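# Chains, contacts and geometry: an overview
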Amino acid sequence: MKKALFIDRDGTILVEPADEQIDSFEKFQFVPGVINALSFLRKHTDYEFVMVSNQDGLGTDSYPEDDFWPTHNLMLQTLKGEGVEFDDILIDRSFPEDNLPTRKPGTAMLTKYMNGEYDLASCYVIGDRPTDAQLAVNLGCKSLILGDVDWPKITEVVFGGERVAQVKRTTKETDIFVSVDLDGHGKSDIQTGLGFFDHMLEQIAKHGNIDLVISCKGDLHVDEHHTIEDTGLALGECLLKALGDKRGIERYGYCLPMDDCLCQVALDFGGRPWLVWNAEFHREKVGEMPTEMFLHFFKSLSDAAKMNLNIKAEGDNEHHKIEGIFKALARSIRMAVKRDVEHFTLPSSKGTL
């Protein structure tokens, strides 16, 4: 089936001025990174390019049509010189108060793309406003909104694919759901029943710049062991799924200080689990989390994610030590999962990971 990128114009391809009208050459400016991105995607993907734009009152006395087309044509000519041509250009000329179904987020301009020939679930709306995100919902496709992402990240996601995964793990001891988006924004929703553990897992999302949802209902009336260990297994499995074929990733990844402590986490998403643990704790618990379970968590994570983890921590404050380890893990993951679309190959001489 066919695929398309439904791309907004003003604010997405061209910088939108304060008066929201690009009606002179003085106001003509490309959004940073857009030309390289569109050129790359046109060359390396089979997406059709469809411009979908609202231009308030185009052709009226208040905004003569002649003011619009010179800058519009200059944009098209410039992009054509870089190998970028649009397969379709759809411009709605109504005012917002007209409330016409052709105006975004209405889909009336796009009915020919809703006839079953296009795999809308694999298509994207690329824009800069909430109406663009809502248009994607109305079409049944995905959205990439500038401000949340930039054009290099849009290029990476469209070309390399989204890296999201979910894992549901249910045993007689725990019922766990984990969701990961490796290209997220550091958002998290963590609920394991263990407050300190939740706080540590939030560090993975925040400092790893990934979106992470973890829900665990465990047999805490017995003890904390199953909840912590099984969460590590589910999170590791989810990371492995989200990484996919691992093409283009850096693969390796960090040390950081936290007050009196120095924590180092080096990892390799090389497909071979191994844990080296060099950290000692002298308190029985930090919060309600037994310190003996720290090693169990990272061993479970390493095994399920099929990654080599080498962890070392020095210092006196037990809270700072383990929090530093989790933050270093997050930064290491962030470094290792970074992708380079210009070198989209497996980072291995073996040809497999």
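Let us look at the structure shown here. What you see is a predicted model, and the numbers here were worked out from it, not measured in a lab.

### Quick look at the packing of helix α5 (residues 195–208) against helix α6 (residues 225–243)
The geometry of α5 relative to α6 is characterised by a closest axis approach of 12 Å and an angle of 15° between their N-to-C directions. In terms of orientation, α5 lies roughly parallel with respect to α6. As for how α5 packs across α6, the hand of that crossing is right-handed. Of the residues in α6, those touching α5 at F197, L201 and I204 are T227, I228, T231 and L235. Considered class by class, the residues forming the contact of α5 with α6 number 5 nonpolar, 2 polar and no charged.

### A short note on the environment of D10
Along the chain, D10 falls in the loop between β1 (4–7) and α1 (34–44). Residues D10 and D87, 77 residues apart in the sequence, show an inter-C-alpha distance of 18 Å. Other than its neighbours up to four places away in sequence, D10 contacts E16, E20, I22, Q55 and D128. Only 2.7 Å separates the side chain of D10 from the side chain of R9, close enough to count as a polar contact.

### Digging into the environment of D148
By the element assignment, D148 lies in the loop between β5 (142–145) and α4 (151–160). When the C-alpha atoms of D148 and G184 are compared, they prove to be 9.1 Å apart, with 36 residues separating the residues in sequence.

### Looking at the side chain of E156
Looking at where E156 falls in the secondary structure, it is placed in helix α4. A polar side-chain atom of E156 sits 2.9 Å from a polar atom in the side chain of R339. Excluding residues that lie within four positions of it along the chain, E156 makes contacts with G161, R163, D183, R339 and V341.

### Notes on unusual backbone geometry
Following K104, the chain continues to P105 via a peptide bond in cis, the omega torsion being 10°. Its location among the elements puts P105 in the loop between β3 (88–92) and β4 (124–127). In the Ramachandran plot, N209 falls in the positive-phi region, its phi being about 55° despite a non-glycine side chain. Here N209 shows up in the loop between α5 and β9 (211–218). Under the relative-accessibility criterion, N209 is labelled partly exposed at 29%. A positive phi angle, close to 70°, is found at K246, a residue other than glycine. Structurally, the position occupied by K246 is in the loop between α6 and β10 (255–258). Since its relative accessible area comes to 3%, K246 is described here as buried.

### Overview of the sheet that holds strand β12 (residues 274–278)
Read from one edge to the other, the open sheet built from 4 strands follows the order β10-β11-β15-β12, with strand pairing classed as mixed. Sheet topology places β10 and β12 at the edges, where each strand pairs with a single neighbour. Neighbour-to-neighbour, the strand axes of the sheet open up by a mean angle of 10°, direction not taken into account. Looking at chain direction, β10 and strand β11 (residues 261–268) are connected through 4 bridges and run antiparallel. Bridging across to β11, C255 finds its partner in Q264. Contacts between helix α7 (residues 292–305) and the sheet are confined to β12 and β15 (308–314), with β12 contributing the most and set at about 155° to the helix. Contacting β10, β11, β12 and β15, helix α8 (residues 318–336) runs over the sheet at an angle of about 35° to β11.

Quick notes on the rules
Residues numbered from 1 in each chain as written. Predicted model: local features only at pLDDT ≥ 70, side-chain atom pairs only at ≥ 80, totals over all residues. Heavy atoms only, no water. Axes fitted to C-alpha atoms, helices over the stretch in contact; angles between N-to-C directions. Helix = DSSP H or I, 4+ residues; strand = E, 2+ residues; numbered from the N terminus. Parallel < 35°, antiparallel > 145°, perpendicular 65-115°, else oblique. Left-handed = near helix turned anticlockwise from the far one by under 90°. Contact = heavy atoms within 4.5 Å. Nonpolar A, V, L, I, M, F, W, Y, C, P; charged D, E, K, R; others polar. Polar contact = N/O pair within 3.5 Å; in protein donor to acceptor, adjacent residues only side chain to side chain. Buried < 20%, exposed > 50% of the residue type's maximum accessible area, 1.4 Å probe, protein only. Pairing = 2+ DSSP bridges.

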